[in-house]
Amino acid sequence: MIQSLYIDNFKAFNDFHIEMKPLTVLIGANASGKTSILQALDLIANFAQMDIDAYLEKRKWKPSELKSKGSKKFNMTFRLQLELEVDQSSKLIEWEFVLNNAKEKISVVSEKIVDKTIQKTLLSVQSNGISRFNFQEHSEEKFPALNMKSSFLKNIDVKDKEKFPELVALIDFLTASDSFELLSPEKMRQTSRGDVDTIGMGGEKLAAFIHRLQPEQRENVSERLQRYVPFVDEVDAEVKGRPGWLEIKVSERFPSEEKNVVISPAHVSDGTLRMLAIAALIEIDC
């Protein structure tokens, strides 16, 4: 579980800190930074899995769009504190990394991961070299300095759990994390295809995801949605247009109707679609 987030010189945030609970709700006016917090978390999770250049290309971001317009600094700092379950023990892990954003190019300045429970540095990436602690050998492994484009976590094999238990637990947590801050009713109304395991960052894969669920899972989604939208009777997906392409199918029942009425996605309200996406997210395999 994420306990706190610190970001400096990212988007509108400078020296910003937020504490988090198992359920954290962000409330604020438009352009107050709610989405930017979620984007920072998404960047952090993906930094452990891909090069920062590839991440920016995926998000269609320019390097200059990341740093705060209200700061003259080029370094951006991200710090995450998490409580992780490691070998049936609860560990408080702090992960901090610094990126330099200059000349339309982003590079890794430093990275450090500390087990705050025992005050042990697990990984250190600095300009003078890299070190990580091997618990199996009870020794510190050292490497020469590298021109990093991602977190050093990307170079750790998750099979080496005995050597790096905390680091592997952190990798597992980040890999299982996903961001849906771009959920869009218009994207959820689109057709989609394929054997997908998520609804997509913007909800664009929602129809294909619902189609691949087992019947009892689709029933679970319908029941969750009914708690907030009582007139919805059933949620499914059906082939629409091109072979293999699927569209959301929402059946509604009203007291005055003797049978269900199938509502076209174009006429399902934005609010109902968002609630449907949230109901479907629970069925994502963790």
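Everything discussed here concerns the structure shown above.
Because the structure is predicted, anything quoted here is derived from the model rather than measured.

Description of the overall build of the protein chain
Thinking step 1. Regarding its fold elements, the protein chain presents 7 helices and 11 strands.
Thinking step 2. Along the first, second and third principal axes, the C-alpha atoms of the protein chain reach 75 × 45 × 35 Å.
Thinking step 3. When the 286 residues of the protein chain are sorted by exposure, 45% land in the buried category.
Thinking step 4. For the protein chain, restricting intrachain contacts to residue pairs at least 6 apart in sequence, the fraction spanning at least 24 positions comes to 48%.
Thinking step 5. With an accessible surface of roughly 15600 Å², the protein chain has 50% of that area assigned to carbon and sulfur atoms.
Thinking step 6. With 39 positive and 44 negative side-chain charges, the protein chain shows a spacing of 7 Å between the two charge centroids.

Section: the packing of helix α6 (residues 215-228) against helix α7 (residues 270-281)
Thinking step 1. For the pair α6 and α7, interaxial distance at closest approach is 9 Å and the crossing angle is 135 degrees. In this view, α6 runs oblique relative to α7, as classed from their interaxial angle. As for the relative orientation of α6 and α7, their crossing is right-handed in sense. Across the interface between the two elements, V221, R224, L225 and Y228 of α6 pack against T272, M275, L276, A279 and A280 of α7.
Thinking step 2. Among the residues making up the contact of α6 with α7, the classes are represented as 7 nonpolar, 1 polar and 1 charged.

Observations regarding the packing of helix α1 (residues 34-47) against helix α2 (residues 52-59)
Thinking step 1. For the pair α1 and α2, interaxial distance at closest approach is 10 Å and the crossing angle is 140 degrees. The angle between α1 and α2 places the two elements in the oblique class. At the point where α1 passes α2, the crossing takes the right-handed sense. Seen from α1, the contacting residues are Q39, D42, L43 and N46; seen from α2, they are I52, Y55, K58 and R59.
Thinking step 2. Its residues assigned to classes, the contact of α1 with α2 comprises 3 nonpolar, 2 polar and 3 charged.

Focus on the packing of aromatic side chains
Thinking step 1. In the structure shown here, the tally under the stated rule is 9 aromatic pairs.
Thinking step 2. With 5.2 Å between their ring centres and 20 degrees between their planes, F78 and F97 make a pair best called stacked. Remark: F97 occurs in strand β4 (residues 89-102) and F78 occurs in strand β3 (residues 75-86); sequence separation between them is 19 residues. In terms of burial, F78 and F97 fall into one category: buried.
Thinking step 3. Taking the centre distance of 5.6 Å and the plane angle of 45 degrees together, the rings of F143 and F152 count as tilted.
Thinking step 4. Judged by relative accessible area, which is 29%, F143 ranks as partly exposed.
Thinking step 5. Here the aromatic residues F10, F47, F78, W95 and F97 are joined through ring pairs into a cluster of three or more.
Thinking step 6. Directly above the aromatic system of F74 lies the positively charged group of K67, at a separation of 5.8 Å from the ring centroid.
Thinking step 7. We note R79 situated over the ring of Y6; from NZ or CZ to the ring centre the distance is 4.4 Å.

Cut-offs applied
- Residues numbered from 1 in each chain as written.
- Predicted model: local features only at pLDDT ≥ 70, side-chain atom pairs only at ≥ 80, totals over all residues.
- Heavy atoms only, no water.
- Helix = DSSP H or I, 4+ residues; strand = E, 2+ residues; numbered from the N terminus.
- Buried < 20%, exposed > 50% of the residue type's maximum accessible area, 1.4 Å probe, protein only.
- Contact = heavy atoms within 4.5 Å.
- Areas by Shrake-Rupley, 256 points an atom, 1.4 Å probe, with all protein chains shown as cover.
- Lys, Arg positive; Asp, Glu negative; His and termini not counted.
- Charge placed at Lys NZ, Arg CZ, Asp CG, Glu CD.
- Axes fitted to C-alpha atoms, helices over the stretch in contact; angles between N-to-C directions.
- Parallel < 35°, antiparallel > 145°, perpendicular 65-115°, else oblique.
- Left-handed = near helix turned anticlockwise from the far one by under 90°.
- Nonpolar A, V, L, I, M, F, W, Y, C, P; charged D, E, K, R; others polar.
- Phe/Tyr/Trp six-rings, centres within 6.5 Å; stacked < 30°, edge-to-face > 60°.
- Lys NZ or Arg CZ within 6 Å of the ring centre and 35° of its normal.

None of the figures reported here should be taken as evidence of function without further support.
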